[in-house]
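Per-entry structural report
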Amino acid sequence: MHIDSIQYKYEPDFMMCFAPWTLTCMVCLIIMMSIIFTRIPFNMRIFIGLLEAISYLIIMFYQYEYVVHTSLTTNPYFLPEYAHCLLILVTLLVIFFKERQTEFDNKINYKWSVELIKKQDDSRIAAQSITILLHNILPAHVVNVYLTSLAKHELYYESYDMVAVMFASLKNFELTLPNLRVLNEIISEFDQILSYYRDKYRVEKIKIVGSTYMAACGLDVQIGLNIKNETRSHDSLIQEVQRARLLLAAFQKKHYSITDEKEEVVFVLTTFALDLMRTLWVCNNDYRNIPIDRDVFNADMSIGISSGEVMAGVVGASQVQYDIWGHAANMASRMDSTGVAGKIHVTQNTALILKKYGIECKYRGMTYVKGQGILPTYFVDIDANYEFNYTQESYDSIAVESESN
Ligand SMILES: Nc1ncnc2c1ncn2[C@@H]1O[C@H](COP(=O)(O)OP(=O)(O)OP(=O)(O)O)[C@@H](O)[C@H]1O
């Protein structure tokens, strides 16, 4: 048998054409893909989808009209070409609405995320404002601990064994309206000096009582460290501290001890007090040139300083106040009230500490202190230029020290 007779012969049917519904479905898929997956603006995607649909329909109607017309239809009363159009149209509409929905969701999500970021920013700013406000009414080291204590409804308190306390009162001063303005200016000047001492030496303003400025130093254990870290600075106060340390070391013929470091707070606060006196002198000179203020204000200041143990804490549920209590605070107040304008009046213990730093303190005499009886008190020796007078021993010791070096 000839092989050709059993071999299958493939006869191409030239009347067979492509399946129009397959093509329409593919075009629907292409439209879907170009609208859903393209990362271009929504209107542009719809435009491209429409372009694809119209191009396809034009080709179908003009090129393959017969094929489409003779293809299957969805309904006996519906022409096949309309059925094709309908599928394309429905696809376009479904995709359009679905994309509108996605676009709307994206816009809402974006709006929410913008609002969320704004709210987060607002709450961060509010938290920062609260912290700034708290830093204005509480010492820096208390703020965080206090916030934690407040959250736990606990009483916040601290106990210190060596704190220097100062009361500085303006004398010849009546609290009248014109004087109030001047007082405000002077206290603001004091606060500016304080901000420097506060940052570097943790001198804290406790409060203003009438025209009395109350401050303390040593309410933060970091003070010793702070001064140590600044040893290479050209700052005049730091240099004075360096000098005082040198004096102390030379004077005592020994190294600087922990007790000396704690007592340094007395030296720092006395230096601050002297700076307040200088500032007041500058203010007085300035006011002397202003005719209105010249008549209302020619202030003098008496300062009382004491040192020793104090308790510190934050009291109250609203308008909280950081305050200190103890013998040192009471004595500082008494030194101020029994003091003399233009002088720094100190207790005997404080004078002894200052003498260790080489600062001369002159014996004032026996002073009656309410609740304590008659006690020896001292005036810090200050010259006419508002500089400390140093003790003779300190000059001698420093001379010996520099000779030996
Ligand atoms: N934290 C403080 N804030 C303001 N003033 C204080 C503070 N601690 C003590 N003082 C003042 O120190 C002074 C001496 O206090 P102390 O307790 O020895 O006497 P007192 O008999 O209560 O006072 P006084 O009789 O003067 O009213 C008081 O005038 C008091 O106002």
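- Taking an unreviewed UniProt entry as the reference, the chain is identified by name as adenylate cyclase belonging to Drosophila mojavensis.
- The annotation that UniProt attaches to the chain under Subcellular location (unreviewed entry) is "Membrane".
- The Catalytic activity (unreviewed entry) field of the UniProt record for the chain holds the comment "ATP = 3',5'-cyclic AMP + diphosphate".

1. A look at the overall build of the chain
- Across its full length, the chain carries 14 helices and eight strands.
- Counting all 405 residues of the chain, 39% fall into the buried class.
- Within the chain, counting contacts between residues at least 6 apart in sequence, those at least 24 apart form 69% of the total.
- With the model as given, the accessible surface of the chain reaches about 24100 Å², and the carbon-plus-sulfur share is 60%.

2. Observations concerning the site of the ligand
- All residues adjacent to the ligand are Phe167, Lys207, Met214, Asp323, Ile324, Ala329, Asn330, Ser333, Arg334 and Lys370.
- In the environment of the ligand, a nitrogen atom lies 2.7 Å from a nitrogen or oxygen atom belonging to the side chain of Lys207.
- For the ligand, whose accessible area on its own is 590 Å², the fraction buried by protein is 55%.
- Going through the elements one at a time, strand E5 (321-325) and helix H12 (327-337) are the ones with two or more residues in the shell around the ligand.
- At four residues, H12 tops the list of elements feeding residues into the shell around the ligand.

3. What about the nonpolar core?
- Among the nonpolar cores identified, the biggest contains 49 residues, and Met166, Val203, Tyr213 and Phe272 are the most heavily contacted of them.
- If you list the elements that add at least two residues to this core, you get strand E1 (156-171), helix H7 (177-201), strand E3 (212-217), helix H10 (258-288), strand E4 (300-315), strand E6 (344-347), helix H13 (348-356) and strand E8 (373-380).
- Tallying contributions element by element places H10 first for this core, with 13 residues.
- If near-sequence neighbours (up to four positions away) are discounted, Val203 is found in contact with Leu194, Tyr197, Arg198, Ala215, Ala216, Cys217, Val268, Leu269 and Phe272.
- Residues Val142, Tyr156, Val320 and Ala328 belong to the second largest nonpolar core, which totals 23 residues.

4. So, the layout of surface pockets
- Of the voids in this model, the largest pocket is the one considered here, and its volume is about 380 Å³.
- Residue lining of the largest pocket: 18 residues in total, with Asn136, Ile137, Leu138, Arg198 and Lys205 positioned closest to the centre.
- When contributions to the lining of the largest pocket are tallied by element, the ones reaching two or more residues are helix H5 (80-137), H7, strand E2 (203-209) and E5.
- Partitioning the lining of the largest pocket into residue classes produces eight nonpolar, four polar and six charged.

5. Observations concerning the packing of aromatic side chains
- Applying the stated rule across the entire model yields eleven aromatic pairs.
- Ring centres of Phe96 and Phe97 lie 5.3 Å apart, and the angle between their planes is 80°; this geometry places the pair in the edge-to-face category.
- According to the relative accessible area criterion, Phe96 is partly exposed, its value standing at 28%.
- A ring pair is formed by Tyr196 and Tyr201, whose centres lie 6.3 Å apart and whose planes are at 70°; its orientation type is edge-to-face.

6. Considerations on the pattern of salt bridges
- Within this structure, the stated rule accounts for 14 salt bridges.
- Salt-bridge contacts for Glu204 lead to Arg198; the nearest nitrogen and oxygen are separated by 3.1 Å.
- Note on Glu204: relative accessible area 3%, which makes it buried.
- A salt bridge links Asp323 to Lys207; the nearest nitrogen and oxygen atoms lie 2.8 Å apart. Taken together, the residues span a long stretch of sequence, with Asp323 in strand E5 and Lys207 in strand E2 at a distance of 116 residues.

7. Observations concerning the environment of Tyr213
- The residue Tyr213 is located in strand E3 in this model.
- Between the alpha carbons of Tyr213 and Ile303 there is a distance of 9.2 Å; along the sequence they are 90 residues apart.
- Each residue touching Tyr213, except ones within four places of it in the same chain, is listed here: Met166, Phe167, Ala168, Ile187, Phe190, Asp191, Leu194, Lys205, Lys207, Ile208, Phe272 and Leu276.
- Here Asp191 takes part through its side chain, which lies 2.7 Å from a polar atom of the side chain of Tyr213.

8. Structural notes on unusual backbone geometry
- The phi dihedral of Arg202 falls on the positive side, at around 55°, and the residue is not glycine.
- Relative to the elements of secondary structure, Arg202 occurs in the loop between H7 and E2.

9. A few points about the packing of helix H2 (residues 20-36) against helix H3 (residues 42-62)
- At a minimum axis separation of 8 Å, H2 and H3 run at an interaxial angle of 165°. Overall, the two elements H2 and H3 adopt an arrangement that is roughly antiparallel. Relative to H3, the crossing made by H2 is right-handed. Between H2 and H3, the residues in contact are Pro20, Leu23, Thr24, Val27, Ile30, Ile31, Ser34, Ile35 and Ile36 and Arg45, Ile46, Ile48, Gly49, Glu52, Ala53, Tyr56 and Met60, respectively.
- When the residues that make up the contact of H2 with H3 are grouped by side-chain class, the tally is twelve nonpolar, three polar and two charged.

10. Thoughts on the pairing of E8
- When E6 meets E8, the two strands line up antiparallel, connected through three bridges. Across the sheet, residue Val346 finds its bridge partner in E8, namely Tyr378.
- In terms of strand pairing, strand E7 (residues 361-369) meets E8 through eight bridges, oriented antiparallel. Bridging across to E8, Cys361 finds its partner in Val380.
- Counted between consecutive antiparallel strands, the loop separating E7 from E8 contains three residues, among which Gly371 sits at a positive phi close to 85°.

What counts and how
- Along every chain, residues carry numbers that run from 1 in the direction the sequence is written.
- Thresholds applied to this predicted model are a pLDDT of at least 70 for local features of residues and 80 or more for the giving and counting of side-chain atom pairs; totals over whole chains, interfaces and linings are not thresholded and use all residues.
- Side-chain descriptors were evaluated using all non-hydrogen atoms of the structure, hydrogens and water having been removed beforehand.
- UniProt positions are given in the numbering used here, feature names are shortened, and annotations may be inferred rather than shown by experiment.
- In this text, helices come from DSSP runs of H or I with a minimum length of four residues, and strands from runs of E with a minimum of two, each type numbered from the N-terminal end.
- Partly exposed describes any residue whose relative accessible area lies between the buried limit of under 20% and the exposed limit of over 50%, with all areas from a 1.4 Å probe on protein chains only and scaled to the type maximum.
- Note on definitions: a residue-residue contact is assigned when non-hydrogen atoms from the two residues lie within 4.5 Å.
- Methods summary: accessible areas were calculated by the Shrake-Rupley approach with a probe of 1.4 Å, and residue burial reflects only the protein chains presented.
- Note on definitions. A residue lies near a molecule or strand when any single heavy atom of the residue is within 4 Å of it.
- The definition of a polar contact used here is a pair of N or O atoms within 3.5 Å, where within protein one atom must be able to donate a hydrogen and the other to accept one, and adjacent residues in sequence count solely through side-chain atom pairs.
- Residue types Ala, Val, Leu, Ile, Met, Phe, Trp, Tyr and Cys, when buried and joined through side-chain atoms within 4.5 Å, form a set referred to as a nonpolar core.
- Each cavity reported here is a set of points on a 1 Å grid over the protein atoms alone in which a 1.4 Å probe fits but cannot get out, each pocket an open set with protein on both sides within 12 Å along at least five of seven lines, and each lining residue one with an atom within 4 Å of a point.
- Grid points are joined across faces, edges and corners, and a volume is the space filled by probe spheres set on the points.
- Just so you know the grouping, Ala, Val, Leu, Ile, Met, Phe, Trp, Tyr, Cys and Pro go in nonpolar, Asp, Glu, Lys and Arg go in charged, and all remaining residues, Gly too, go in polar.
- Aromatic rings from Phe, Tyr and Trp, taking only the six-membered ring of Trp, are treated as a pair when their centres fall within 6.5 Å; an angle between ring planes under 30 degrees marks them as stacked, one over 60 as edge-to-face, and anything in between as tilted.
- Any carboxyl oxygen of Asp or Glu within 4 Å of a side-chain nitrogen of Lys or Arg constitutes a salt bridge here.
- Here an axis means a line fitted to C-alpha atoms, over the contact stretch when the element is a helix, while the angle between two N-to-C directions is reported on a 0 to 180 degree scale.
- Here the angle decides the label: under 35 degrees means roughly parallel, over 145 means roughly antiparallel, 65 to 115 means roughly perpendicular, and every other value means oblique.
- Two helices that cross are described as forming a left-handed crossing if the nearer one is turned anticlockwise from the farther one by less than a right angle, and a right-handed crossing if clockwise.
- Strand pairing is assigned whenever DSSP identifies at least 2 bridges connecting the two strands.

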